[in-house]
Amino acid sequence: MNRTTLSLFAGVAALAAVTGFAVVSSPDATGAGAARSAAELPVERTSLLCPAPSTSDLAETTYTSFTPVTKGAGSGGKAGLVPAGPAAEKDGEPVVEPAAPGTPATGDRSGGDTPALVGTAEGGAAPGWTVQETTEVAAGAGRGLLGVACTAPDTEFWFPGASTAAGRTDYVHLTNPDDSAAVVDVELYGKDGALKSTAGEGVTVKPHTTEALLLSTLGGTEEDDLTVHVTVRSGRVGAAVQALDDKAGGDWLAASADPAGSLVLPGIPEDALAVRLVLFTPGDTDADLKVRLASPSGAITPAGHETVHVKAGMTTAVDLADVTRGDAGSLLLTPTGRSVPVVAALRVVRGKDTDQETAFIPATAPVGTRATAAGNRTAKDTTLSLTAPRGAARVKVTASAGSEGGTAVTKTYTLKAGTTQAVEAPVPAGLKGLYALTVEPVSGGPVYAARTLRATKDGVPAFTVQALPDDRGTVAVPEAEEDLSVVQE
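Being a predicted model, the structure only gives us computed values, none of them experimental. (Residues numbered from 1 in each chain as written. Predicted model: local features only at pLDDT ≥ 70, side-chain atom pairs only at ≥ 80, totals over all residues. Heavy atoms only, no water.)

A.B. asks: Help me get a handle on the overall build of the protein, residues and values and all.
C.D. replies: The number of helices and strands found in the protein is 3 helices and 39 strands. Sequence-distant contacts, at least 24 apart, represent 81% of the contacts inside the protein between residues at least 6 apart. Of the roughly 20600 Å² that the protein leaves accessible, carbon and sulfur atoms contribute 50%. (Helix = DSSP H or I, 4+ residues; strand = E, 2+ residues; numbered from the N terminus. Contact = heavy atoms within 4.5 Å. Areas by Shrake-Rupley, 256 points an atom, 1.4 Å probe, with all protein chains shown as cover.)

And the structure:
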């Protein structure tokens with residue numbers, strides 16, 4: 001008799017540790033599924049994609065890699081980022097060599113021929129692996145500071161806040177990390193609905209390559225405010241929109257959080273000159289939203305902008321002017337009645353006259369268990385915004401060691417319900433090089449966070465904002481309460 005025992009639970013646990021997702025449901029005596037407790041295990045493999053930073057010969061780009069220390073992850077593992085496409089054949093060396101968990105590592109590139117990067121972390125280097133791409137452009141369209149957190153590949157992305165208006169040059173960057181081609185559809189939605197064009201249908205992104213599509217060639221008309229929808233028919237890609245303005249600099253527009261009835265957009269600077277809210281609802285039902293600003297003293301309703309109506313399938317934009325009025329804040333959007341899923345982003349302008357700079361803040365998911373922002377320089381150049389939209393919360397923030405030296409420092413903040421606290425981020429003792437900030441909620445309600453980097457160049461207040469959603473460094477794996485083994489006789 002040949003008996004082979006296969007442990008289903010072991011297989012599920014391994015799958016969850018790699019992919020970050022697993023569901024186990026075993027029937028009880030009545031045939032109904034039973035809820036099981038779950039253990040948090042570190043993921044064992046993480047992929048990240050960084051878009052090509054700039055076409056300007058004046059561009060200077062810094063990549064910062066960081067993996068936070070994760071309990072149970074072990075000390076082994078490796079990570080690396082290499083150029084995508086043909087550049088990989090002639091320049092296959094990693095752009096940055098990641099260090100051990102708890103210590104950042106940096107790499108630099110100059111000029112406009114820097115390619116997109118693809119990378120994978122495994123073992124102890126995988127849980128919470130974060131890479132920041134920060135580019136300084138001295139002059140020309142999009143001059144200023146452009147920043148983006150490199151993202152995991154996926155199959156759907158929403159980008160409200162893009163534009164094909166005069167003076168704007170926007171590209172959607174698509175990067176394929178896999179060995180087979182990806183087929184992608186790019187749809188554009190303006191104030192009157194979908195732009196009638198087939199130019200974005202069935203775009204093929206070859207294996208290990210990137211495509212940068214100029215939005216004006218996909219839509220055919222000038223639109224001040226657009227929502228870009230990227231869907232993948234086959235395969236998977238990383239996606240980001242690069243928005244370049246002739247007069248007001250530019251930045252990366254990261255994808256909005258998945259469509260939801262309530263949204264949080266954290267990290268509006270206290271000196272914002274203009275704030276423009278761009279929204280889109282992908283369904284066939286209009287959305288009505290209440291608009292509030294989570295300020296340091298509490299949630300307030302902006303005068304004249306108490307609510308916003310979003311027509312189904314049409315991009316809606318609202319100028320909120322200097323909504324913060326000297327205090328840093330975060331925008332809270334909640335349904336006035338029936339909850340209808342929406343996506344949203346903010347276009348924020350700082351400066352005055354001709355010395356202006358632009359950045360974008362998309363709606364984001366909460367910090368969850370932990371989130372990290374890498375590539376920080378000094379306390380003066382870095383601001384961390386922490387928001388507790390629904391209930392009071394306590395948050396632990398750790399400044400890692402520097403990439404060239406220093407000792408980690410931890411500080412705890414208490415947030416009142418409905419407030420935003422813009423804190424001067426802690427700095428590691430004896431800092432040398434760049435460092436990372438890791439945010440971990442300790443107690444209370446959900447916390448949302450964003451990090452702002454600043455760099456004044458020739459009188460221009462350059463800046464970039466990155467939201468901090470959960471890093472998905474661990475995954476919940478259900479504990480088996482029954483013998484789920486399969487016995488083959």
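There is more to say after this.
A.B. asks: Report on the sheet that holds strand β17 (residues 238-245), specifying residues and quantitative values.
C.D. replies: Spatially, the 4 strands line up as an open sheet ordered β15-β11-β17-β18, and their pairing is antiparallel. The sheet terminates laterally at β15 (210-214) and β18 (250-253), the two strands that pair on one side only. Looking at each pair of strands side by side, their axes are set apart by 20° on average, direction ignored. (Pairing = 2+ DSSP bridges. Axes fitted to C-alpha atoms, helices over the stretch in contact; angles between N-to-C directions.)

A.B. asks: I'd love a proper account of the state of the cysteines, names of residues and values included.
C.D. replies: By the definition in use, this model includes 1 disulfide. Between the sulfur atoms of C50 and its disulfide partner C150 the distance amounts to 2.0 Å. Measuring handedness by torsion sign, the sulfur bridge of C50 and C150 sits at about 110° and is right-handed. With C50 in strand β3 (residues 45-50) and C150 in the loop between β9 (144-149) and β10 (156-162), this residue pair connects regions lying 100 residues apart in the sequence. Judged by relative accessible area, which is 8%, C150 ranks as buried. (Disulfide = S-S within 2.5 Å. Buried < 20%, exposed > 50% of the residue type's maximum accessible area, 1.4 Å probe, protein only.)

A.B. asks: Before we move on, could you go through the sheet that holds strand β26 (residues 343-352) and cite the residues and values that matter?
C.D. replies: Across the sheet, 4 strands lie side by side as β24-β20-β26-β27; this open sheet has antiparallel pairing. Edge positions in the sheet fall to β24 (316-321) and β27 (355-362), since each of these pairs with one other strand and no more. Ignoring strand direction, the axes of neighbouring strands in this sheet form an average angle of 20°. One ladder, built from 5 bridges, connects strand β20 (residues 274-280) with β24; its direction is antiparallel.

A.B. asks: Describe the nonpolar core, listing the residues and the values that go with them.
C.D. replies: In terms of nonpolar packing, the biggest core is built from 29 residues, with L265, I268, L277, L279, L331, L333 and L346 touching the most fellow members. If one sorts the elements of this core by residue count, strand β21 (residues 287-295) sits on top with 4 residues. Setting aside anything within four residues of it in sequence, one finds L277 in contact with L265, T316, A317, V318, L320, L331, L333, A344, A345 and L346. If you look at the next biggest cluster of nonpolar residues, it comprises 26 residues, including V186, V203, L226 and A239. (Core = buried A, V, L, I, M, F, W, Y, C linked by side-chain atoms within 4.5 Å.)

A.B. asks: Tell me about the pattern of salt bridges, and please be specific about residues and values.
C.D. replies: Using the criterion set out here, one finds 14 salt bridges in the structure. Here E440 makes a salt bridge to K396, at a shortest N to O gap of 3.7 Å. One end of the pair, E440, is in strand β35 (residues 435-444); the other, K396, is in strand β30 (residues 393-399), and 44 residues separate them in sequence. (Salt bridge = Lys/Arg side-chain N within 4 Å of Asp/Glu carboxyl O.)

A.B. asks: Mind laying out the packing of aromatic side chains, listing which residues take part and the relevant values?
C.D. replies: Using the criterion set out here, one finds 3 aromatic pairs in the structure. Taken together, a centroid distance of 6.3 Å and an interplanar angle of 15° make the contact between F157 and F159 stacked. Each member of the pair F157 and F159 is classed as buried. Between Y189 and F280, the ring centres sit 4.7 Å apart and the planes meet at 40°, which makes this aromatic pair tilted. Taken together, the residues Y189 in strand β12 (residues 182-190) and F280 in strand β20 connect sequence positions 91 residues apart. According to the relative accessible area criterion, Y189 is buried, its value standing at 14%. Look at F280 and you get buried, because its relative accessible area is 1%. An aromatic cluster is defined as three or more aromatic residues linked by ring pairs; in this entry it consists of W158, Y189 and F280. Looking at R350, its charged tip hangs above the ring of F463, at a distance of 4.9 Å from the centre. (Phe/Tyr/Trp six-rings, centres within 6.5 Å; stacked < 30°, edge-to-face > 60°. Lys NZ or Arg CZ within 6 Å of the ring centre and 35° of its normal.)

A.B. asks: Please provide a residue-by-residue account of the layout of surface pockets, values included.
C.D. replies: There is about 330 Å³ of room inside the second largest pocket. Lining the second largest pocket are 21 residues, and of these S54, T55, S56, Q242 and L244 sit closest to its centre. Elements represented by at least two residues in the lining of the second largest pocket include exactly β11 (168-175), β15 and β17. Here the element with the most residues in the lining of the second largest pocket is β15; it accounts for 3 residues. Residue composition of the lining of the second largest pocket, by class: 9 nonpolar, 10 polar and 2 charged. (1 Å grid on protein atoms, 1.4 Å probe; cavity = no way out; pocket = protein on both sides within 12 Å on 5 of 7 lines; lining within 4 Å. Points joined across faces, edges and corners; volume = space filled by probe spheres on them. Nonpolar A, V, L, I, M, F, W, Y, C, P; charged D, E, K, R; others polar.)

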